[in-house]
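Residue-level structure breakdown
Letter by letter, the chains look like this.
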Amino acid sequence: MESLNSLNPFEMAQKNFDLAADALNLEPNLREMMRYPERCLVVHIPIRMDDGKIKRFEGYRVQFNTARGPAKGGIRYHPNVTLDEVKALACWMTWKCAIVNLPYGGGKGGVACNPKVLSMNEIEHITRRYTSGILPIIGPQSDIPAPDVYTNPQIMAWIMDTYSMTKGYPVHGVVTGKPLGLGGSLGRDEATGRGVFYTIESIYDSLGLQLKDQRIVVQGFGNAGSVAAKLLHQSENKVIAVSDSSGAIHNSKGLDISRLIEHKAKTGSVLEFEGTERIQPDEMLTLECDILIPAALENAITKENAPRIKARMIAEAANGPVTPEADKILFEKGIYLIPDILCNAGGVTVSYFEWVQNEQHLFWDEQDIYGKLEKVMKNAAKEVNRIHRNRKVNTRIAATMLGVSRVAEATRLRGLYP
Ligand code: NAD
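Anyway, here's the lowdown on the structure attached to this text. No experiment lies behind these values; they were computed from the predicted model shown. (Residues numbered from 1 in each chain as written. Predicted model: local features only at pLDDT ≥ 70, side-chain atom pairs only at ≥ 80, totals over all residues. Heavy atoms only, no water.)

Comments concerning the site of the ligand
The condition that has to hold: Nearness of a residue to a molecule or strand requires only that one of the residue's heavy atoms be within 4 Å of it. Nitrogen and oxygen atoms within 3.5 Å of one another constitute a polar contact, given that in protein one can donate a hydrogen and the other can accept it, and given that sequence-neighbouring residues count only through two side-chain atoms. To be clear on the numbers: accessible area is Shrake-Rupley with a 1.4 Å probe, and residue cover counts the displayed protein chains and nothing else.
Residues in contact with the ligand amount to 19 residues; listed here are only the nearest, T192, N223, A224, S245 and N319. The backbone of N223 places a nitrogen or oxygen atom 2.9 Å from an oxygen atom of the ligand. Between the ligand and K264, the relevant distance is 3.3 Å, taken from an oxygen atom to a side-chain nitrogen or oxygen of the residue. The protein chains hide 69% of the 830 Å² of surface that the ligand would expose on its own.

Laid out in structure tokens, this is it:
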């Protein structure tokens, strides 16, 4: 049988859609309409490098589905970006936005480049030329990009500026994840980690468990991982081990997360934090604990280490941290998995809040944003858990079923044009 890992990313996303569509008994006509991207744009990006030579890059923007609203999804700058990867990510964004019930479709963009070897000036030129290339299809009512791997608020500011200059007036709502001084939203920095925390709280509640005195392990002490760790620590749980790209640390009595955040800011890594011992990163993943939060990269949990995982729950803060083979093993072991398309949807939810504030020319305060985020995440988590329980499917399929069913409903209601 064909192994899932031998498929390209887009075929994998389609396969996942098929599983959810089968479980939903989705009619063939709708499958035909929902299984493919609506629009894929490939753009040529020639720029003058700092040494005076012209170099050409390639960029992509994919609108996978806009049945529920404008396309929404980040832009990735990475040497391995391909059109198939962007199509797959745009497909996941479609289900993710629908799971948290945002009035958005799904999209994604990318430029195949290595920002680590480019100057700020070169990155700015790539961004502006890429933006002018995708200009015919983006806009606050049609397709709203945001940051993703190796893109940041400054890059979003350049996209907003380039788009606005061609229109002749400022258009804040064309991108989200902007700096605060340019219509960005309060709470965006904490959004993903907070969303992770709220989904865990909600699932604990649904399972009749108390989220207190739990032992937590966090792989990847970056933006998403450190915020989730901080909130879990503040609510009287013990974060017993964390890691970043430099290594892993452990203390079975629990770490003081606020002080660890300061330590990492000062030294650049989590290593040598007082009162901790250094352990092997793979050993950390297989520690006895209640909740394991992979918050670093894809494919952290594979068929090799999955059999040794002792956590009771895995909350996927990262995108795609568990391979399809590992997924099966974890499911058979009875580990409760909170899938990425639910668990890390706090980021896109606060992006949506940013867009709403921009469109209304209003600013909300942080408490307002956190309150709204909590409601959105907890409702989505409850709904996914309900499908998981009632339909007896694993939580990843349950989450995809929720997203796919909402997109299917909108597609059915809109009918077929012309
Ligand atoms: P980040 O760069 O702030 O943090 C990533 C952390 O992972 C860093 O501390 C890095 O040192 C660490 N890391 C890298 N390789 C590692 C390894 N092999 N072992 C252990 N740690 C390692 O990135 P982030 O924004 O927190 O994103 C993390 C994950 O969450 C990504 O998969 C991202 O796609 C996903 N995500 C983030 C957001 C967001 O809003 N930040 C939203 C949705 C999904």
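Let us keep going from here.
Considering the sheet that holds strand β11 (residues 313-315)
Sheets are built from strands that pair by backbone hydrogen bonding, the pairs being arranged parallel or antiparallel. Stated precisely, the cut-off is as follows: A pair of strands is considered paired only if DSSP assigns at least 2 bridges between the two. Segments assigned H or I by DSSP are reported as helices when at least four residues long, segments assigned E as strands when at least two residues long, and all are numbered from the N terminus. Lines are fitted to the C-alpha atoms to define the axes, a helix being fitted only along its stretch in contact, and any angle between axes, read from their N-to-C directions, falls within 0 to 180 degrees.
Across the sheet, seven strands lie side by side as β9-β8-β7-β6-β10-β11-β12; this open sheet has mixed pairing. If you trace the sheet from one side to the other, it starts and ends with β9 (277-279) and β12 (336-338), each paired once. In this sheet, neighbouring strand axes are inclined to one another by 20° on average, regardless of whether the strands run parallel or antiparallel.

Structural notes on the sheet that holds strand β1 (residues 39-48)
Selection criterion: Any two residues whose heavy atoms approach within 4.5 Å are treated as being in contact.
Spatially, β1-β2-β4-β3-β5 is the arrangement adopted by the five strands of the open sheet, whose pairing is mixed. Two strands lie at the open edges of the sheet, namely β1 and β5 (143-147), each paired on one side alone. Taken over all neighbouring pairs, the strand axes of this sheet differ in orientation by 20° on average, direction set aside. Across ten bridges, β1 lies against strand β2 (residues 54-65) in antiparallel orientation. When the bridges of β2 are listed, V43 appears paired with G59. The strands touched by helix α3 (residues 83-99) within the sheet are β1, β2, β3 (71-78) and β4 (106-112), with β2 carrying the most contacts at an inclination of about 35°.

Remarks on unusual backbone geometry
Between Y417 and P418 the backbone carries a cis peptide bond, its omega angle lying at 0°. Tracing the backbone through its elements, the reader meets P418 in the segment after α14 (395-414). A positive phi angle, close to 60°, is found at E272, a residue other than glycine. Relative to the helices and strands, E272 is located in the loop between α8 (257-267) and β9. Positive phi values are uncommon outside glycine, yet H361 reaches one of about 55°. Looking at where H361 falls in the secondary structure, it is placed in the loop between α12 (346-360) and α13 (366-391).

Re the nonpolar core
Stated formally: In this description, a nonpolar core means a group of buried Ala, Val, Leu, Ile, Met, Phe, Trp, Tyr and Cys residues linked to one another through side-chain atoms lying within 4.5 Å. Exposed residues in this analysis have more than 50% of their type's maximum accessible area, buried residues have under 20%, and partly exposed residues fall in between, with area computed by a 1.4 Å probe over protein chains only. Those domain boundaries reflect an automatic or database domain assignment.
Counting 89 residues, the largest nonpolar core has M34, I200, V242, L260, I291, I293 and I338 as the members making the most contacts within it. Three or more residues apiece are contributed to this core by two domains, here domain 1 (38-182) and domain 2 (191-343). Residue contacts for M34: discarding those within four places in its chain leaves F17, L26, F64, N65, W95, V404, V407, A408 and T411. Counting residues in each nonpolar core, the second largest holds 25 residues, with I126, Y163, V174 and V175 among its members.

Things to note about the packing of α13 against α14
Describing two packed helices takes the angle between their axes plus the distance from one axis to the other. Quick reminder of the rule: Under this scheme an angle from 65 to 115 degrees is roughly perpendicular, one under 35 degrees roughly parallel, and one over 145 degrees roughly antiparallel; angles in between are oblique. Each crossing gets its hand from how the near helix is turned against the far one by less than a right angle, where anticlockwise is left-handed and clockwise is right-handed. We call Asp, Glu, Lys and Arg charged. Ala, Val, Leu, Ile, Met, Phe, Trp, Tyr, Cys and Pro are nonpolar, and the rest, Gly among them, are polar.
Here α13 crosses α14 at 110°, and the two axes come no closer than 8 Å. Taken together, the axes of α13 and α14 are roughly perpendicular relative to one another. Crossing of α13 over α14 shows right-handed handedness. Contact with α13, carried on its side by A380, E383, V384, I387, H388 and R391, involves T395, A398, A399, M401, L402 and R406 of α14 and no other residues of that element. Across the contact of α13 with α14, the residue classes break down as seven nonpolar, two polar and three charged.

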